[in-house]
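The chain contents come next:
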Amino acid sequence: MTYHVMTLFPEMMDACLNESIIGRAVKAGHISLDLVNIREFADPGRKGRIDDYPFGGGAGMVMQAGPIDRAYESIRRGLDHDVRVIYVTPQGRVFDQAMAKELASEEDLVFLCGHYEGVDERILEKIVTDNVSIGDYVLTGGELPAMVMIDAISRNVPGVLTNAESGTEESFSDGLLEYPQYTRPADYQGMKVPEILLSGDHAKVAAWRREQSLMRTRQRRPDLLDKQKKACK
Ligand code: ADE
């Protein structure tokens, strides 16, 4: 999987995505990052400026179509197949685990990170296949949401997680939140680990964990259970 990211802040993404598990996956070649600096495609004579005043007036600046178009063309030239182009925007469909899994099967993905007050609508109409948001709040730019999505997608790319890391029982894998986890010591400041986890009875432990998952989901995210019920109907 190669992520091609059109951004004004490639250094910010480079610093974050070359650390920890994602950094390890890049080094191992399971995923790769192609960070494309939109500024390098600025109109001639604009000294790297890629924004301009909005037609019709109003506050803020708008990212121009041309530099984004040329940045995208530079990506396309290296590809011999169609590619999904994700515009990271609070106006998009809200990203979730199912989307992370689905996108993980793509060979290449293009992300467009917006900034300022917005992006010229014409380039969005021309190249974007998916408008995706990470939640109902507004951030100052698209880099953080793109990194959130890249992290969540990459966990589903084969080879990125070790067997030990890819616990199939994690939150959301079956539409439920994960059960509580404990490690040594068995007694921490008088707070004891549930007895059943020390019993060595695997079937009982599995049943207890399932029950905890259900309870936790009912308490903290009842909307997830409602969603499942609707899906079963
Ligand atoms: N850009 C600004 N806010 C955003 C959000 N919540 N999701 C995706 N992109 C954004």
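Look a little higher up for the structure.
Attention in this report is confined to the structure presented alongside it. (Residues numbered from 1 in each chain as written. Predicted model: local features only at pLDDT ≥ 70, side-chain atom pairs only at ≥ 80, totals over all residues. Heavy atoms only, no water.)

In space, the 3 strands of this open sheet follow the order β3-β4-β7, with mixed pairing throughout. Each edge of the open sheet is held by one strand with a lone partner, namely β3 (51-52) and β7 (118-119). For β3 and strand β4 (residues 62-63), the ladder comprises 2 bridges, and the chain directions are antiparallel. Looking across to β4, one finds that D51 is bridged to M63. (Pairing = 2+ DSSP bridges. Helix = DSSP H or I, 4+ residues; strand = E, 2+ residues; numbered from the N terminus.)

In this section: the layout of surface pockets. To find leftover empty space, one rolls a probe the size of a water molecule over the atoms. Computed from the structure, the largest pocket encloses a volume of approximately 560 Å³. Y87, V88, T89, P90 and Q91 are, among the 26 residues lining the largest pocket, the residues nearest its centre. Those elements giving two or more residues to the lining of the largest pocket turn out to be β5 (84-94), β7, α5 (121-127) and β8 (130-133). No other element matches the 5 residues that β5 contributes to the lining of the largest pocket. Grouping the amino acids of the lining of the largest pocket by side-chain chemistry returns 12 nonpolar, 11 polar and 3 charged. Considering only enclosed or pocket space, the second largest pocket measures out at about 370 Å³ in volume. Contributing to the lining of the second largest pocket are 14 residues, with D96, Q97, F172, L224 and K227 lying nearest its centre. Mapped by element, the contributors of at least two residues to the lining of the second largest pocket are α4 (97-103) and α8 (222-232). (1 Å grid on protein atoms, 1.4 Å probe; cavity = no way out; pocket = protein on both sides within 12 Å on 5 of 7 lines; lining within 4 Å. Points joined across faces, edges and corners; volume = space filled by probe spheres on them. Nonpolar A, V, L, I, M, F, W, Y, C, P; charged D, E, K, R; others polar.)

So, on to the sheet that holds strand β1 (residues 2-7). Pairing within the open sheet is parallel, and its 5 strands lie in the order β2-β1-β6-β5-β8. Two strands close off the open sheet at either side, each with one partner strand: β2 (32-37) and β8. Within the sheet, the average angular offset between the axes of one strand and its neighbour, ignoring direction, is 30°. As judged from the 5 bridges shared by β1 and strand β6 (residues 108-113), these two strands associate in the parallel manner. Counted as the bridge partner of V5 is F111 from β6. Across the sheet, helix α3 (residues 65-76) lies against β1, β2, β5 and β6, angled at about 160° from β1, the strand it touches most. (Axes fitted to C-alpha atoms, helices over the stretch in contact; angles between N-to-C directions. Contact = heavy atoms within 4.5 Å.)

Okay, the pattern of salt bridges next. Tallying each qualifying case throughout the model produces 13 salt bridges. Salt-bridge contacts for E102 lead to R84; the nearest nitrogen and oxygen are separated by 2.7 Å. Here E102 is found in helix α4, whereas its partner R84 is found in strand β5, with 18 residues between them in sequence. The exposure class assigned to E102 is partly exposed, which follows from its relative accessible area of 36%. (Salt bridge = Lys/Arg side-chain N within 4 Å of Asp/Glu carboxyl O. Buried < 20%, exposed > 50% of the residue type's maximum accessible area, 1.4 Å probe, protein only.)

So, on to the side chain of D130. Following the sequence through the fold, D130 ends up in strand β8. Accessibility expressed as a relative area gives 18% for D130, which makes it buried. At 3.0 Å, the side chain of D130 and the side chain of R84 are in polar contact. When sequence neighbours within four positions are dropped, the list of residues in contact with D130 reads R84, V85, I86 and Y87. (Polar contact = N/O pair within 3.5 Å; in protein donor to acceptor, adjacent residues only side chain to side chain.)

Taken together, V88, T89, P90, V132, S133, I134, G135, Y137, V138, L139, G141 and P145 form the complete shell of residues around the ligand. Note that a nitrogen atom of the ligand is positioned 3.1 Å from one of the backbone N or O atoms of G135. Within the backbone of L139, one N or O atom sits 2.9 Å away from a nitrogen atom of the ligand. In isolation the ligand offers 260 Å² of accessible surface; the protein chains occlude 95% of this area. Mapping the ligand onto the cavity grids shows that it belongs to the largest pocket. Contributing elements (two or more residues each) for the shell around the ligand: β5 and β8. It is β5 that contributes the most residues to the shell around the ligand, 3 residues altogether. (Near = heavy atom within 4 Å. Areas by Shrake-Rupley, 256 points an atom, 1.4 Å probe, with all protein chains shown as cover. Sits in = over half its atoms within 2 Å of the grid points.)

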